[in-house]
Amino acid sequence: MTKFSDLKLGPKVQKAIDEAGYTEPTPIQAGAIPAALEGRDVLGIAQTGTGKTASFTLPMITQLARGRAKARMPRSLVLCPTRELAAQVAENFDTYSKHVKLTKALLIGGVSFKEQDVLIDRGVDVLIATPGRLLDHHERGKLLLNDVKIMVVDEADRMLDMGFIPDIERIFSLVPFTRQTLFFSATMAPEIERITNTFLSNPERVEVARQATASETIEQGVVLFKGSRKDRQASEKRKLLRALIDAEGDACSNAIIFCNRKMDVDTVAKSLSKYGYDAAPIHGDLEQSQRTRTLDGFRAGDLRFLVASDVAARGLDVPAVSHVFNFDVPSHAEDYVHRIGRTGRAGRDGKAIMICVPSDERNLEDVERLLQKPIPRLANPAAPAAADTGAPAEQTSEVAAPEAATAETPKPKRTRTRRKREEAPQAEAAPAAAPVEAPVDVPVAAPADDVAAAELADIAPAPVDKPEAAEQAASGRAPSRNGRRGDNRVVGMGDHMPTFIEKSFEERMVR
Ligand code: AMP
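These lines cover the structure that appears in this document, whether it is placed above or below. The model shown is predicted, which means the values in this text are computed figures rather than measured ones.

## Topic: the overall build of the protein chain
Thinking step 1. Of regular secondary structure, the protein chain possesses 21 helices and 13 strands.
Thinking step 2. By the burial criterion, 55% of the 511 residues in the protein chain qualify as buried.
Thinking step 3. In the protein chain, the share of contacts with a sequence separation of at least 24, taken over all contacts with a separation of at least 6, comes to 77%.

Below, the structure written as structure tokens:
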């Protein structure tokens, strides 16, 4: 087993590692750090939670400890897909460089250019940025990239999902050819492979997990659920979520609840709060200050439930998240791995529970194909055991119980071609297969225990949803440059997919 002391990191960096309480390097660290210290390019294929951030920050700090930055000419550059991830990387630098004199700046949207200009003017050793904001600074003539000696691309697969690859290629063309490149991605899609072949020079390839594998420490389960009526499915699904949370009891110390649509993020957070659960939303339409506050509260343990969209929660490192609830099956199978990777981090146990409605079954099939194994079926805790007791069925009994718990993968019919769906905009762009949550007609004399109806009556519909890429745009990305960005964004139906296409032929015929 490698020890940190074998890695030849600088003594001041080693001191910070000791203070962080790390005794052994993780596999990605043991593989990437020696090559990075030798000045070689590194291609790290690792998911979040593996310690990959330290695998590039530690050697960078060691290398940058010598020398000084010139005004407006950063010596190193770390590119991250989201503001939150960039902020997290910055925190890592703070932790590990506390005994080394290094200057750094964070260039992310939602923060004034002026503040960032002042930092850049002083000269920074480490510049951590989202691609759009970085290019904005460069195009304003405030930033020169000719002195970048080390460039890091973190979460490249997410950059691809978010349409940042043209920006990344442009940034590669702005930094010196002789730079060292450290490139990280959880998966190696063909487009990522192409980028690495083009811009990395004889990299040390370090792969710590099979592509898209979930951590072994995460216990997974899925509840197959169908609403009693189409117009009740959304509220009954929220009720099921509460039942799933309750069933976990104290073991659920905190959780991230993922929804595919921002609209649902808001609705689920409101609904949980209304029922006395300590919950708050995070997605790209919220003010940056609110996002930061919510995230800080969750990290500090002051907030128990973080209801999140994929983009906002991307790469979040909250070391002790006991549970992840997938309110929806992600429409992009790889997001499942990323989502559940929020729990079970750094060797801890974690639990990931998902709800799958009939219209999500094809997505579930994709997720299981990616995992190469079925996700165990869980019983629906909201379904009463009416058959045993003979007790009269109450409202909740209409919530269809899933098929008996079984480890077998169902084989839902695939009536639509795979290509069609792959063309569809992903994640939050997915159209509402579930109906938009306009309050339904709730009879005034609704029974008091009809919580689903009461709940719906209280929750106002959220504004029209934006696709995931648009979320990023709303959260600070600059408009398209050179007509390149977004050129390939509108595919198939663009951002709109009529609901009828989401349904199988059979589903359409029965309605
Ligand atoms: P990351 O994959 O970079 O998001 O890191 C996941 C978590 O692992 C973070 O909370 C780190 O603080 C933690 N971590 C990183 N390196 C080590 C290590 N060598 N030993 C224990 N924990 C670590």
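## Some details on the nonpolar core
Thinking step 1. Counting residues in hydrophobic clusters, the biggest one holds 36 residues, and the most contacted among them are L58, M60, V78, I128 and L182.
Thinking step 2. Going through the elements one at a time, α1 (11-20), α2 (27-37), α3 (52-64), α4 (83-96), β4 (126-129), β5 (150-153) and β6 (180-185) are the ones with two or more residues in this core.
Thinking step 3. If sequence neighbours within four positions are ignored, V78 has contacts with F56, M60, V89, F93, V126, L127, I128, A129 and V152.
Thinking step 4. Judged by nonpolar contacts, the second largest core, of 32 residues, contains I45, L143, M151 and F172.

## As for unusual backbone geometry
Thinking step 1. Within the chain, K8 stands out as a residue other than glycine whose phi angle is a positive 60°.
Thinking step 2. Here K8 shows up in the segment before α1.
Thinking step 3. The backbone phi angle of R72 is positive, close to 65°, even though this residue is not glycine.
Thinking step 4. Along the chain, R72 turns up in the loop between α3 and β2 (76-79).
Thinking step 5. Taking relative accessible area as the criterion, R72 reaches 35% and is therefore assigned partly exposed.

## Observations regarding the packing of aromatic side chains
Working definition: an aromatic ring pair is given by the centre-to-centre distance plus the angle between the planes.
Thinking step 1. Overall, the coordinates contain four aromatic pairs when judged by the stated rule.
Thinking step 2. Summarising the aromatic geometry, the rings of F56 and F184 are spaced 5.3 Å apart at their centres and angled 45° between planes, so their arrangement reads as tilted. Separated by 128 residues along the polypeptide, F56 in helix α3 and F184 in strand β6 bring together distant segments of the chain.
Thinking step 3. When its relative accessible area of 0% is taken as the criterion, F56 is described as buried.
Thinking step 4. Ring plane angle 5° and centroid distance 4.3 Å describe the contact between F172 and F199, whose orientation is recorded as stacked. With F172 in helix α8 (residues 165-174) and F199 in helix α9 (residues 190-199), the pair connects residues that are 27 residues apart, well separated along the chain.
Thinking step 5. If you follow R133 out to its NZ or CZ, it ends over the ring of F113, 3.8 Å from the centre.
Thinking step 6. The ring of Y275 has K274 lying over it, and the distance from NZ or CZ to the ring centre is 5.6 Å.

## Section: the sheet that holds strand β12 (residues 323-326)
Thinking step 1. If you walk across this open sheet you meet the six strands as β8-β13-β12-β9-β11-β10, and the pairing is parallel. If you trace the sheet from one side to the other, it starts and ends with β8 (218-224) and β10 (279-282), each paired once. When the angles between neighbouring strand axes are averaged without regard to direction, this sheet yields 20°.

## Thoughts on helix α12 (residues 288-300)
Thinking step 1. With 13 residues, α12 extends 18 Å between its outermost C-alpha atoms, agreeing within 8% with the 18 Å of an ideal straight helix rising 1.5 Å per residue.
Thinking step 2. Elements that come into contact with the buried residues of α12 comprise α4, β9 (255-258), β10 and β11 (305-308).
Thinking step 3. Taken from the residues just after α12, G301 is the one with a positive phi, measuring 85°.

## Concerning the pattern of salt bridges
Oppositely charged side chains can form a pair if their charged atoms are brought close together.
Thinking step 1. Per the stated rule, a full pass over the model turns up 26 salt bridges.
Thinking step 2. With a closest N to O distance of 3.2 Å, R140 and D117 form a salt bridge. On the criterion of sequence distance, the pair formed by R140 in the loop between α6 (131-139) and β5 and D117 in helix α5 (residues 113-122) is long-range, its members being 23 residues apart.
Thinking step 3. One salt bridge in this structure joins E207 and R205, with 3.7 Å as the shortest N-O distance.
Thinking step 4. Among the residues examined, E207 registers a relative accessible area of 41% and is labelled partly exposed.
Thinking step 5. For R205, a relative accessible area of 44% corresponds to the partly exposed category.
Thinking step 6. Linked by salt bridges that have partners in common, K52, D154 and E155 make up one network.

## Quick look at the sheet that holds β4
Thinking step 1. The seven strands lie next to each other as β3-β4-β2-β5-β6-β1-β7, forming an open sheet whose pairing is parallel. Looking at which strands have only one partner, the edges of the open sheet turn out to be β3 (104-107) and β7 (204-207). The sheet shows a mean angle of 10° between the axes of neighbouring strands, taken without regard to direction.
Thinking step 2. Those strands touched by α8 are β2, β5 and β6, and its axis lies near 175° from that of β5.

About the cut-offs
Residues numbered from 1 in each chain as written. Predicted model: local features only at pLDDT ≥ 70, side-chain atom pairs only at ≥ 80, totals over all residues. Heavy atoms only, no water. Helix = DSSP H or I, 4+ residues; strand = E, 2+ residues; numbered from the N terminus. Buried < 20%, exposed > 50% of the residue type's maximum accessible area, 1.4 Å probe, protein only. Contact = heavy atoms within 4.5 Å. Core = buried A, V, L, I, M, F, W, Y, C linked by side-chain atoms within 4.5 Å. Phe/Tyr/Trp six-rings, centres within 6.5 Å; stacked < 30°, edge-to-face > 60°. Lys NZ or Arg CZ within 6 Å of the ring centre and 35° of its normal. Pairing = 2+ DSSP bridges. Axes fitted to C-alpha atoms, helices over the stretch in contact; angles between N-to-C directions. Expected span 1.5 Å × (residues − 1). Salt bridge = Lys/Arg side-chain N within 4 Å of Asp/Glu carboxyl O.

Nothing here speaks to function; it is all geometry.
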